[in-house]
Amino acid sequence: MADKLSARVRRVLVKTLYTQPISLAIGALNGSIATAVAAYLSGMPELWIGNVILTIIALARVAAAIGLSPDDNKTSTSALELIYEVGAFSYALVIGAVAAVTVWLGASAEVQVLMIANALCYGVAVAARNAGRPSIAIGQLTLVCLPIMITSLAMGTLAHLTLFATMLLLVPAMAAITLNIFKVLRDSISAAETSARLAEKMKLLARTDVVTGLANRAGLNHAIVETMMEVEDDEKLALIWIDLDRFKEVNDLLGHPIGDRVLGEVARRLNGVCPAGSTVSRFGGDEFVIFAPIEDRRAAELLASEIHFEIMRPFRIEADRLEVRASLGVALFPEDGTDTDSLMQCADLALYHAKVGGRSQTQFFDRSMTRDLVRRREIENELRAALQRDELSIFFQPIVDLESGRIRSFEALVRWFHPEKGELVPDEFIPVAEETGVIVTLGNWITAQAARVASTWPDDVTLSVNLSPLQIRAPGAALGIRNALREAGLDPSRLELEVTETLFVEDNHATANFIQELSAIGVKFALDDFGTGYSSLGYINNFPFNKIKVDRSFVSGANVGRKSDAIIRAVAEMGSTLEMEIVAEGLETIEQVHAVREAGCTLGQGFYFSRAVPDYLAAMLLAQERSADRRKMGT
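Computed from a prediction, not measured in an experiment: that's the story for all the values here.

Draft legend 1. Structural context of the side chain of Glu-411. Structurally, the position occupied by Glu-411 is in strand β9 (residues 407-418). Relative accessible area serves as the criterion here: at 5%, Glu-411 is assigned to the buried category. A distance of 2.6 Å separates the side chain of Glu-411 from the side chain of Gln-605, its partner in a polar contact.

Shown next, in the form of structure tokens:
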């Protein structure tokens, strides 16, 4: 490293010899004019010969300074230095010799003064100008002075001997000054080189991810900008945004060191599969972004497929065998975007749709995605405003005992009546609320409103409320439920929270704490949409569910038949054994009611009994039911 630094410093110092060739031209012109004048005044042919030689050397030096570029790495530092030395030493020797000739041949005093002054001024000037290479500077000064000093010594007069002594002292004095200037220059250049090298190293570190060794977000942005500036008109590029599905579980279960090793292996595989000229980066967390040259869309599809295959190959980290899945979003240049921001936005949108569509898949950007995003943002903003303007309402759908026909519970369902767009169905705004985090505020509002209504019902009628996984994972989730119960004055045992199976896959630890805290005060839990997701008897065994809701697809879906009947019977039998209620959802006909009751279901819910109704109609249904009971008792 020190040798490389010294070589770079030497190169810079040699370059100083070739800077400002105009100064060389001025010096050459001055020397030629001075010798010509001396020759003319003295009439000595020797001086005319010296003038011609000096002029030829001067022209050659100026031509070399202009023709040779010190920035051209094809010419070595040694060659540049040698070429300069030959010209510099030749010129110095000739101009010193011409001055010495005027003394030796006894030219007039004015001619001697002209040439000696010209020679010494040149020698002193180059000692400072060429201080970057002190051997050259001191060599030139010595060659200028040496002929004059020898001649002065040979003349032997007091004046000449004094001139000799003066020049004898001049050389070491100027040499000391030259060496001092050289030291300052060398140290300054060395410090600048070191600073530049450290700055370049810091820049590299700032653009590199420490875990994977890939480019980080800053490095990716830099690479994209540089590539886009040099891209040809017919060139195509692909920006592939990769998100590792549920990678958080790897860190939580196996620890961050193992997680980092998995990220490193993913990085290695991505580097191995991407074409030359690609930029592979870790964008942050478990996200990677690849910017790669491609021939066409088909090539981008093949590359995305290879990336998917490489990531899904099992990992072997110490004794653990891991399988990682990924979602990919792809945007193409120039068809999807012609600048960095638009490409990133398009790839991000495509990735979003890949994850919403079920994860572990690849989505290429499509213009319709932008329209969907605009629509979702519009819904998000209007939903936040709707919560403040009380545009939302809670409706209640009865859950009926299949044996007695009595209402055992009501499920709280949110309805949105937009002042301009009319009623918006939950399937349109609930997913947006979950994606944007508004579901936390919305869920707490639904629970609080529904609990107030339920507190006015008879004590034997319970309330069911659906909870989003995001709501459960929010800080203080259990506290929010407890506050809603306390403010409404509703007994916790009359509240039943419905959760889906996906909740346990995504965040088992947080869910367990939530359920444990609320179960301790009497809140009940139901497993909703059973049979449609990650069904596992382990969830039922590990958590205190008192009710299972069989999804409507088994009751009134397009594939209802012998298999669905068998599934319902199996679930009902399990519920009976575990002393759990089994609710059949989506009942629309009396035949379906009879079928699920015969299969063993204890509760039913659906349009056959009632649609979801406002709170006052729910109270009316209960009042009618109680009135009918009293009439029966009276008879």
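There's plenty left to go through after this.
Draft legend 2. How the structure looks around the nonpolar core. Phe-396, Leu-442, Leu-463, Leu-497 and Phe-514 are the most contacted members of the largest nonpolar core, which has 69 residues in total. When residues in this core are grouped by element, the largest group, nine residues, is from helix α15 (residues 438-454). The residues touching Leu-497, leaving out its near neighbours within four places in the chain, are Val-465, Leu-467, Ile-481, Phe-514, Leu-518, Val-523, Lys-524, Phe-525 and Ala-526. Core analysis: the next-biggest nonpolar cluster, separate from the first, contains 35 residues, Ala-28, Leu-47, Leu-120 and Met-174 among them.

Draft legend 3. Seen up close, unusual backbone geometry. Going from Phe-333 to Pro-334, the amide bond is cis rather than trans, its omega being 10°. Secondary-structure assignment places Pro-334 in the loop between β6 (325-333) and α12 (340-356). Of note in this structure, Asp-390 is not a glycine but carries a positive phi near 60°. Residue placement: Asp-390 occurs in the loop between α13 (367-389) and β8 (392-401). Here Asp-390 falls in the exposed class, since its relative accessible area comes to 60%.

Draft legend 4. Seen up close, the side chain of Ser-32. If you trace the backbone, Ser-32 turns up in helix α2 (residues 21-42). The exposure class of Ser-32 is buried, given its relative accessible area of 13%. Looking at Ser-32, its side chain comes within polar contact range of the side chain of Thr-55, at 3.1 Å.

Draft legend 5. Representation of the pairing of strand β3 (residues 287-294) within the structure. The element β3 is largely enclosed, with a buried count of six among its eight residues. Sheet topology note: the strand β1 (residues 236-245)/β3 ladder contains eight bridges and is antiparallel. Residue pairing for β3: Asp-243 is matched across the bridge by Glu-287. Both strand β2 (residues 279-284) and β3 contribute to a ladder of five bridges, which runs antiparallel. What sits directly across from Thr-279, in β3, is Phe-291.

Draft legend 6. Up close: empty space enclosed by the protein. The tally for this structure, following the rule as stated, stands at one cavity of 30 Å³ or more. What the largest cavity holds in volume is close to 30 Å³. Taken together, Asn-444, Leu-467, Gln-471, Ile-472, Ala-477, Ile-481 and Phe-514 make up the lining of the largest cavity. At the level of elements, α16 (469-473) and α17 (477-488) are the ones that each hand at least two residues to the lining of the largest cavity. Across the lining of the largest cavity, the residue classes break down as five nonpolar, two polar and no charged.

Draft legend 7. Representation of helix α8 (residues 217-230) within the structure. Taking 1.5 Å of rise per residue, 14 residues should cover 20 Å, and α8 covers 20 Å from first to last C-alpha, within 8% of that figure. Here the buried face of α8 lies against β1, β2, β3, β6 and α12. Its side-chain oxygen at 3.2 Å from the backbone nitrogen of Ala-218, Asn-216 defines the N-terminal cap of α8.

Draft legend 8. Broad picture of the pattern of salt bridges. What the rule picks out here adds up to 23 salt bridges. Two residues, Glu-487 and Arg-452, come together in a salt bridge whose shortest N-O distance is 4.0 Å. Remark: Arg-452 occurs in helix α15 and Glu-487 occurs in helix α17; sequence separation between them is 35 residues. For Arg-494, the salt bridge is made with Asp-459, and the minimal N-O distance between the two is 3.8 Å. Of this pair, Arg-494 sits in the loop between α17 and β12 (495-500) while Asp-459 sits in the loop between α15 and β11 (462-466), and the two are 35 residues apart along the sequence. Relative accessible area serves as the criterion here: at 9%, Arg-494 is assigned to the buried category. Given the relative accessible area of 65%, Asp-459 is considered exposed.

Rules used in this analysis
- Residues numbered from 1 in each chain as written.
- Predicted model: local features only at pLDDT ≥ 70, side-chain atom pairs only at ≥ 80, totals over all residues.
- Heavy atoms only, no water.
- Helix = DSSP H or I, 4+ residues; strand = E, 2+ residues; numbered from the N terminus.
- Buried < 20%, exposed > 50% of the residue type's maximum accessible area, 1.4 Å probe, protein only.
- Polar contact = N/O pair within 3.5 Å; in protein donor to acceptor, adjacent residues only side chain to side chain.
- Core = buried A, V, L, I, M, F, W, Y, C linked by side-chain atoms within 4.5 Å.
- Contact = heavy atoms within 4.5 Å.
- Pairing = 2+ DSSP bridges.
- 1 Å grid on protein atoms, 1.4 Å probe; cavity = no way out; pocket = protein on both sides within 12 Å on 5 of 7 lines; lining within 4 Å.
- Points joined across faces, edges and corners; volume = space filled by probe spheres on them.
- Nonpolar A, V, L, I, M, F, W, Y, C, P; charged D, E, K, R; others polar.
- Expected span 1.5 Å × (residues − 1).
- Salt bridge = Lys/Arg side-chain N within 4 Å of Asp/Glu carboxyl O.

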